[in-house]
Amino acid sequence: MKKSCFLLMAFFSLCFARQIFAQNGIVDAQGEKVRVRDEKKEIPPLLQGIWQGSDRLILFADSDSEKSAEFAVVLRVFYGWYDERTSEASGYKEIKARDRNDATSKEAEDISITYRTIFENSSRSAGAYELIVKYPSIKETVSIPICVIGGKIYLDFLIKGTASATDFFDSAEYKQSSDNGGLYRAASNADGITVASPRFKKEVTSYFVHEDNFYQIRYWESDMEYTYAKATFSDGDETFTVDKYLRVGDKIYQCTTGRSSKIRNIKKAVSNLGNATHDDENTIFALGKEYLVKVPNGQKHENLQEIIDENNKRRKDPPKPLFPPSEIDFHWKEIAELEKYNPYTWNRRNIDLGK
C-alpha cells in the first residue's frame, strides 16, 4: 500500500514538474526544449516609427500607458486621395479632432498591441516578429507574423535554420552558418496588418537546399501539439532531416500525416531563392514585394498627423469631359449663303414646310 502511494505521488510530482518546466520553455511533451515566446509591450527598435504602404499608414510608438504601446492605422481611401484615421488610441483625438465626413466612422477603432520577437540576426539589423493584436470585437488575440529587412516590412518570409536552433538565437545553441544549405522554414501566414482580423494561410511552403537542389516542402494546418520533432525525406541514396512541425503565429503546421516522420511526394522547386530579399547575414529571406516602407524621421503621432494633413490638402483634377469640345470652326454664315441657292436644299425646305 505504501509503495503504491509512493509511486502515485511520484507520478503526480513528475507531471506537475513537467507542466511547470513546459510553462517556462524548458521541455515539451517529448522532453525537448521548446522556447516560450513571451510578448512584451516594448516595441522592438527595428519596428518603431511610421510605416507607409500603398493603401495605409501604420504607427508603432511608445506610450505612457502600462497596458500597451501606441498603435495607429490610417487607411488611404478613395484611391489614396484621402487619409482616414481608422484606428488610434483614444487620446489621439485630444491632439487633433478627427474629421467627420462620408469616409469616417463616428469613433476610431481602439486596437491594442504587444510584440513578440521570433528571431533577430546577430547584428540586430533584421528580425522577425509577431504582432499580438487585440481587436475590440474579438475575444481572443490575433498573432500577425512580419519581418523587417532594410527598413521594409514583409509579410511572406522564411527563416534559415531549424526551429530548435533559431528559437534560441541568443544562446550558444544558435550558430551562424556561412553556407547556403539546409532548411529555410516558412515563418509567416497572414495577409496584412489590418483593422479587422486578417486572413491566414491553411498551407505554407518551406524549402530545403542541398548543393544545387531545392526541395519544396508543404506544411498544412494541424491541431497536433508543437514539438521540435524531425521528419525526413530521401532523394536517391541521400536522406535529409527537417522540422516536422512549424509554429507560425498562433497556428501549428505539419508536413507528415499523423505521427509519421516520413515526408511523401517531395517536390524539387522550379526556382531557387536567388530573387528573395535577404539580410546581410543570409538568415531571413523575404519573398515578393515589401508591404510597408519606413518613413524617415517619423516617430510620433504628431509626425503622422503632419503626413495626413499634407496628403489631405491635395485636390484631384476634375475628370476629362466624356465628349471633348471640338476645335473645328464650321463658318456657319458662309455655309448658309452657299446653301441658299442650292436647288436640293430649296426643294427640301419646301417639302418640310408642307408637312
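Everything here concerns the structure above.
What comes next is a walk through the structure. Keep in mind that what you see is a predicted model, and the values were worked out from it rather than measured.

## Describing the overall build of the protein
And step 1. Within the protein one finds seven helices and 20 strands.
And step 2. Taking all 355 residues of the protein together, the buried fraction comes to 41%.
And step 3. Looking at the protein alone, contacts between residues at least 24 apart form 56% of all its contacts between residues at least 6 apart.
And step 4. A total accessible area of about 21,600 Å² is found for the protein, and carbon and sulfur atoms account for 53% of it.

## Remarks on the packing of aromatic side chains
And step 1. Applying the stated rule across the entire model yields nine aromatic pairs.
And step 2. A ring pair is formed by Phe-60 and Phe-71, whose centres lie 5.7 Å apart and whose planes are at 35°; its orientation type is tilted. Of this pair, Phe-60 sits in strand β2 (residues 56-61) while Phe-71 sits in strand β3 (residues 70-76), and the two are eleven residues apart along the sequence.
And step 3. Phe-60 gets classed as buried once you look at its relative accessible area, which sits at 0%.

## Focus: helix α5 (residues 301-312)
Along an α-helix, residues three or four positions apart point the same way, because every turn accommodates 3.6 residues.
And step 1. The end-to-end C-alpha distance of α5 is 16 Å, a good match for the 16 Å that twelve residues give at a rise of 1.5 Å each.
And step 2. Listing the buried residues of α5 in full gives His-301, Leu-304, Gln-305, Ile-308, Asn-311 and Asn-312. Take α5 and look down its axis: the buried residues cluster within an arc of 130°, on one side only.
And step 3. Of the surrounding secondary structure, the elements contacted by the buried residues of α5 are β1 (49-52), β2, β3, α2 (77-80), β4 (82-87) and α3 (92-95).

## Side note on unusual backbone geometry
And step 1. A positive phi is found at Tyr-79, a non-glycine position, where the angle reads about 60°.
And step 2. Here Tyr-79 is to be found in helix α2.
And step 3. Positive phi is not limited to glycine here, since Glu-211 has a value of about 55°.
And step 4. Take Glu-211: it is sitting in the loop between β11 (203-210) and β12 (213-222).

## A look at a negative patch on the surface
And step 1. On the surface, a cluster of negative charge is made up of Glu-211, Asp-212, Asp-237 and Glu-238.
And step 2. Looking at where Asp-237 falls in the secondary structure, it is placed in the loop between β13 (230-235) and β14 (238-243).
And step 3. Classification of Asp-237 by relative accessible area gives exposed; the value is 83%.

## Considerations on the sheet that holds strand β20 (residues 292-294)
Hydrogen bonds between backbone atoms are what pair the strands of a sheet, whose relative direction is either parallel or antiparallel.
And step 1. Read across the open sheet, the nine strands follow the order β4-β3-β2-β1-β20-β8-β7-β6-β5; overall the sheet is antiparallel. A strand with exactly one partner marks an edge of an open sheet, and here the two such strands are β4 and β5 (112-120). Pairs of neighbouring strands in the sheet enclose a mean axial angle of 30°, with direction left out of account.
And step 2. Relative to strand β8 (residues 152-154), strand β7 (residues 142-149) is paired through three bridges, and the arrangement is antiparallel. Paired with Val-148 across the strands is Ile-153, a residue of β8.

## Observations regarding the side chain of Arg-85
And step 1. Relative to the assigned elements, Arg-85 resides in strand β4.
And step 2. A distance of 2.9 Å separates a polar atom in the side chain of Arg-85 from a polar atom in the side chain of Glu-88.
And step 3. Not counting residues up to four positions away in its chain, the partners in contact with Arg-85 are Val-73, Val-74, Tyr-92, Lys-93, Lys-96, Ala-97, Arg-98, Ala-108, Gln-305 and Ile-308.

## Let's talk about the pattern of salt bridges
And step 1. Under the definition given, this model contains 17 salt bridges.
And step 2. Between Arg-56 and Asp-55 there is a salt bridge, with its nearest N and O atoms 3.2 Å apart.
And step 3. Across the pair Glu-88 and Arg-85 runs a salt bridge whose closest N-O atoms are separated by 2.9 Å. As far as the burial class goes, Glu-88 and Arg-85 line up, both buried.
And step 4. Here the salt bridges do not stand alone but share partners, grouping Arg-37, Glu-39, Arg-116 and Glu-130 into one network.

## Digging into the environment of Asp-99
And step 1. Among the structural elements, Asp-99 can be located in the loop between α3 and β5.
And step 2. Given a relative accessible area of 42%, Asp-99 falls into the partly exposed group.
And step 3. Separated by 15 residues in the primary sequence, Asp-99 and Glu-84 have C-alpha atoms spaced 8.3 Å apart.
And step 4. Filtering out sequence-adjacent residues up to four positions away, Asp-99 remains in contact with Tyr-82 and Thr-104.

Calculation notes
Residues numbered from 1 in each chain as written. Predicted model: local features only at pLDDT ≥ 70, side-chain atom pairs only at ≥ 80, totals over all residues. Heavy atoms only, no water. Helix = DSSP H or I, 4+ residues; strand = E, 2+ residues; numbered from the N terminus. Buried < 20%, exposed > 50% of the residue type's maximum accessible area, 1.4 Å probe, protein only. Contact = heavy atoms within 4.5 Å. Areas by Shrake-Rupley, 256 points an atom, 1.4 Å probe, with all protein chains shown as cover. Phe/Tyr/Trp six-rings, centres within 6.5 Å; stacked < 30°, edge-to-face > 60°. Expected span 1.5 Å × (residues − 1). Arc of directions from axis to C-beta. Patch = residues over 30% accessible without salt bridge, like charges linked within 9 Å, V, L, I, M, F, W, Y side chains within 5 Å. Salt bridge = Lys/Arg side-chain N within 4 Å of Asp/Glu carboxyl O. Lys, Arg positive; Asp, Glu negative; His and termini not counted. Charge placed at Lys NZ, Arg CZ, Asp CG, Glu CD. Pairing = 2+ DSSP bridges. Axes fitted to C-alpha atoms, helices over the stretch in contact; angles between N-to-C directions. Polar contact = N/O pair within 3.5 Å; in protein donor to acceptor, adjacent residues only side chain to side chain.

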